[in-house]
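# Commentary on secondary and tertiary structure
Residues per chain, in single letters:
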Amino acid sequence: QVQLVESGGGLVQPGGSLRLSCSASGTISSPNAMGWYRQAPGKQRELVATMPNTSGGRANYVDSVEGRFTISRDNAKNEVYLQMSSLKPEDTAVYYCNWRRLFTTYQYWGQGTQVTVSS
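Report follows, based on the coordinates. (Residues numbered from 1 in each chain as written. Predicted model: local features only at pLDDT ≥ 70, side-chain atom pairs only at ≥ 80, totals over all residues. Heavy atoms only, no water.)

### Some words on the sheet that holds strand S7 (residues 69-74)
Read across the sheet, four strands follow the order S1-S3-S8-S7 without closing on themselves; strand pairing throughout is antiparallel. Edge positions in the sheet fall to strand S1 (2-7) and S7, since each of these pairs with one other strand and no more. Between one strand axis and the next, the sheet turns by 15° as a mean value, whatever way the strands run. (Pairing = 2+ DSSP bridges. Helix = DSSP H or I, 4+ residues; strand = E, 2+ residues; numbered from the N terminus. Axes fitted to C-alpha atoms, helices over the stretch in contact; angles between N-to-C directions.)

### Observations regarding the environment of Arg38
Relative to the elements of secondary structure, Arg38 occurs in strand S4 (residues 32-39). With a relative accessible area of 5%, Arg38 lands in the buried category. Sequence separation between Arg38 and Ser64 is 26 residues, and the spatial gap between their C-alpha atoms is 12 Å. Among the polar contacts listed, one links the side chain of Arg38 to the side chain of Asp91, at a separation of 3.0 Å. In terms of polar contacts, Arg38 uses its side chain to reach the side chain of Tyr95, at 2.9 Å. (Buried < 20%, exposed > 50% of the residue type's maximum accessible area, 1.4 Å probe, protein only. Polar contact = N/O pair within 3.5 Å; in protein donor to acceptor, adjacent residues only side chain to side chain.)

Take a look at the structure:
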């Protein structure tokens, strides 16, 4: 069982930046991947970025955020971050933290944090 708590959401102007944080607790097993998904009103939840803790593992991004968002992890603290820059109105969504045990069906979700990009 893994519990996830997100923070850092809020209101930001187009072109601005925001940093999301997610803290994991509970039974943290490996290998695993942590990342972020988002869901806008009337749309399906989509993957934003994920990052495994495997040796040589690389981050994966959805095309629409490539070059603007950066995911990072602090494994000692069991935390994952999403640095968002050059934000656009279409980035507005509820952002959810995700933890997934690789090679299994086990995954867990946070409650989400609202990100609103508007003038």
